[in-house]
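Structural features, examined
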Amino acid sequence: MDKSVNNRIPELITRHILGVSTTDEEAELQNWRSASESNEKTFNKLCSADFVEQGLQHTYRSDEEHQLQKNIVAKKISRIRLYRGIVRYSAAAAVIVIALAVLMFVPGKKGSYPVIEYQSVVLKLPSGESINLKNDETNLLSEKFPASMKKSSSDKPIPEEYSVIVPTGRTHKLVLPDGSRVMLNSNSEITYSIPFSGKERRVAFKGEAWFEISKDASRPFILSTGGLNVEVLGTSFAVRCDRSEIRTTLVTGSVKVTDVSRRFSLVLEPSQQALFNTSDGKLTSQNVNVDEYIAWKDGYWYFDNRTLGYIIEELSRNYGFEYEFAAGELENLPFSFKLKRELSYIQVLETIEKTNRIKIDAYKDKIILLEK
Amino acid sequence: MTENDIILNGALSGESRVINFLYDKYAVQLRYFAYKYLNNNYEVDDILQEAFVSLWENRKRITSEPMAKGFLYKFIRNEAVTKLRKRDVKKRFEKLHNFEESEESFLENIIEAEVLHNLSQAIDSLPSSCRTICLMSMQGMKLQEISEKLNVSINTVKKQKSISNARIRKIMEELFLLLISI
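What this report covers is the structure whose coordinates are included nearby.

About the thresholds
- The numbering scheme is per chain: residues are counted from 1 as the chain's sequence reads.
- Labels follow written order: the first chain is A, the first ligand is 1, and so on.
- Residue-level local features of this predicted model are given only where pLDDT is at least 70; pairs of side-chain atoms are given and counted only at 80 or more, and the full residue set underlies all totals for whole chains, interfaces and linings.
- The side-chain numbers reported here are obtained from all heavy atoms of the structure, hydrogens and water having been left aside.
- Any pair of cysteine sulfurs within 2.5 Å is marked as a disulfide.
- Only protein chains enter the accessibility calculation, which uses a 1.4 Å probe; a residue is then buried when its area is under 20% of its type maximum, exposed when over 50%, and partly exposed in between.
- Going along the chain from the N terminus, every DSSP run of H or I of four or more residues is numbered as a helix, and every run of E of two or more is numbered as a strand.
- By this rule, a helix spans an expected 1.5 Å times one less than how many residues it contains.
- Note on pairing: DSSP must find at least two bridges between two strands before they are called paired.
- Whenever a helix is involved, its axis is fitted only over the stretch in contact; in every case the axis is a line through C-alpha atoms, and angles between N-to-C directions fall within 0 to 180 degrees.
- Criterion for a salt bridge: a side-chain nitrogen of Lys or Arg within 4 Å of a carboxyl oxygen of Asp or Glu.
- Working rule for contacts: check all heavy atoms of both residues, and any pair within 4.5 Å makes them a contact.
- Angles are sorted into four bins: roughly parallel if under 35 degrees, roughly antiparallel if over 145, roughly perpendicular if 65 to 115, and oblique for all others.
- Handedness of each helix crossing follows the sense of rotation of the near helix against the far helix: counterclockwise by less than a right angle gives left-handed, clockwise gives right-handed.

1. A short note on the state of the cysteines
All names here are of chain B. Enumeration over the complete set of coordinates arrives at zero disulfides over all chains. Between Cys-130, a cysteine without a disulfide, and Cys-134, which holds the nearest cysteine sulfur, the sulfur-to-sulfur distance is 8.4 Å. Looking at Cys-130, the relative accessible area reads 1%, which means it is buried.

2. Topic: helix α3 (residues 41–57) of chain B
Spanning 17 residues, α3(B) covers 24 Å between terminal C-alpha atoms, matching the ideal 24 Å at 1.5 Å per step. Burial runs high along α3(B): 13 of the 17 residues are buried.

3. Here we look at unusual backbone geometry
All names here are of chain A. In this model, Asn-187 sits at a positive phi of 60 degrees, which is unusual for a non-glycine residue. Locating Asn-187 in the fold gives a position in the loop between β6 (181–184) and β7 (188–194). For Asn-187, a relative accessible area of 36% puts it in the partly exposed group. Residues other than glycine seldom take positive phi values, yet Asn-305 does so here, at roughly 50 degrees. When you line up the elements, Asn-305 lands in strand β18 (residues 300–307). For Asn-305, a relative accessible area of 55% corresponds to the exposed category.

4. What about the sheet that holds strand β12 (residues 236–241) of chain A?
All names here are of chain A. Read from one edge of the open sheet, eight strands run β3-β5-β6-β9-β12-β13-β16-β17, paired in mixed fashion. At either end of the open sheet lies a strand with only one pairing partner, and these are β3 (137–139) and β17 (283–287). Ignoring which end each strand starts from, the neighbouring axes of this sheet average 15 degrees apart.

5. Quick look at the pattern of salt bridges
Within the structure shown, the criterion is met by 22 salt bridges over all chains. With a shortest N-O distance of 3.1 Å, Lys45(A) and Glu112(B) are connected by a salt bridge. Taken together, the residues Lys45(A) in helix α3 (residues 37–47) and Glu112(B) in helix α5 (residues 103–124) connect one chain to another. Residue class for Glu112(B) comes out buried when judged on its relative accessible area of 4%. Arg240(A) is the partner of Glu208(A) in a salt bridge, and the nearest nitrogen-oxygen pair spans 3.7 Å. Placement of Glu208(A) in strand β9 (residues 208–212) and of Arg240(A) in strand β12 is noted, with a sequence separation of 32 residues between them. When salt bridges that share partners are traced, they join Arg8(A), Glu11(A), Arg15(A), Glu25(A) and Glu28(A) into one network.

6. Looking at the sheet that holds strand β21 (residues 358–363) of chain A
Strand order in the open sheet formed by three strands is β19-β22-β21 (chain A), and the pairing between neighbours is mixed. Whereas interior strands pair on both sides, the edge strands pair on one side only; in this sheet they are β19 (322–325) and β21 of chain A. In this sheet, adjacent strand axes meet at a mean angle of 25 degrees when their direction is disregarded. Strands β21 and β22 (366–371) of chain A of the sheet are contacted by helix α10 (residues 345–353) of chain A, whose axis makes an angle of about 145 degrees with β21(A). Sitting on the sheet, α3(B) is in contact with β19, β21 and β22 of chain A, with an inclination near 65 degrees to β21(A).

7. Looking at the packing of helix α1 (residues 8–18) of chain A against α3(A)
Residues and elements named next belong to chain A. Across the interface, α1 lies against α3 with an axial gap of 10 Å and an inter-helix angle of 40 degrees. As judged from the angle between their axes, α1 and α3 are oblique. Both α1 and α3 take part in a crossing whose hand is right-handed. Where α1 abuts α3, its residues Ile-13, His-16 and Ile-17 lie against Phe-43, Leu-46 and Cys-47.

Here it is as structure tokens:
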């Protein structure tokens, strides 16, 4: 191919796509297309309706990101200039220059990890007012509970709704007015009414939580969560709601799981898990390693032969960091481990890194997972 | 004197402003080009930085914009292939997977990146009413279909189409003044 005319082809193709080419140009293009099979293939790819959109999608950067990248280039250039400048002015300063150069160009220095600040757990009162909960445990049976709330519950006989909202990076223990214990994982929300009375104890819930329900055969405990009801007599179990599915894992006792339309219903035995698919409404059950689903409540990360993609997504949901895999195949690496959750996300990631199978770096407020 | 002349006159020395200008102009197509090899954005950003720094370092012998463009393409290709080979070494034990990059596919990738650049420049230069129609007709819609979809008369569509064609022809004359030297 001629060394400097090869942008003739892009020109012809562009004209063709935009519909502004002349007969001669079309003939010239036709000539090139029939010259080889790969030419024809390239041509067809470029002419496909979504080429521009797809192409720009891969390369999209916001104005800020573009500017940032440009600034990095400018900074690197000014470093080289500085370095050259020093050399020019003084050969004697060579030692300093080398020291500087080493400092400036040391490769492999990690980007600093993003610092993540976590919000506090919030109690929402019926008045719409929100209280930040300082402790990591709230006992609704105890006297210490906010006065505003007690008052409103005794003044008005009508039950009023309260919500506890647990943000990313936090967990919260809650003792419900009937003595049932709930431990909420991060990104969860529970709504209950006070007084907590009536024929049934009804609680609405989103996220992931561990429940130890106190026995009261006359008043079943009903947990309603995104299309699924879990009915309980006295038992302990874990619930986790994701966008596409809700998992109910039973540890002791028994629970009955029913979808809101009451089409499907299941009674679980200990060590069984009900899986509710929120899109097709199907309800199935399976035997599981219960520990993996409840380890979080005892303060552990526990993964049993899970892919790195799954693990990092879990960690990111709970710690609130953003990430990107630099190589797709990394996502499929299997890992098993048990670690304390009180560790920072950096400590957890660095522990995974110690297996020598992956490398962790930070870049623009994001964690990057690289091949070792 | 335009930025373009600055390079043509070999006055790039010391002018990192020109690098900024070229970065703005070519980032999109070079990213697309680099992405074709690397398939992840993290390395794409890195390789672009290296390419422009290296362009600046080699400014003495790069005397025209087509040369700069060719330099950037070549640099990115070579670096990307090196990176891919490194990935490859690790894989060789697991499965026999050899990365080879032919001159032909290099040129194909350049053609793709260039067409992407041309199209986005041409489309960007249109007034927004023309742009919608232009994009629709690029997706293979007939004038009749466009007029139905946009709920305007077929004459309006025809008129807008001819305005955008005229503009595109003009833009293209400017675009294609530049060759690429490889």
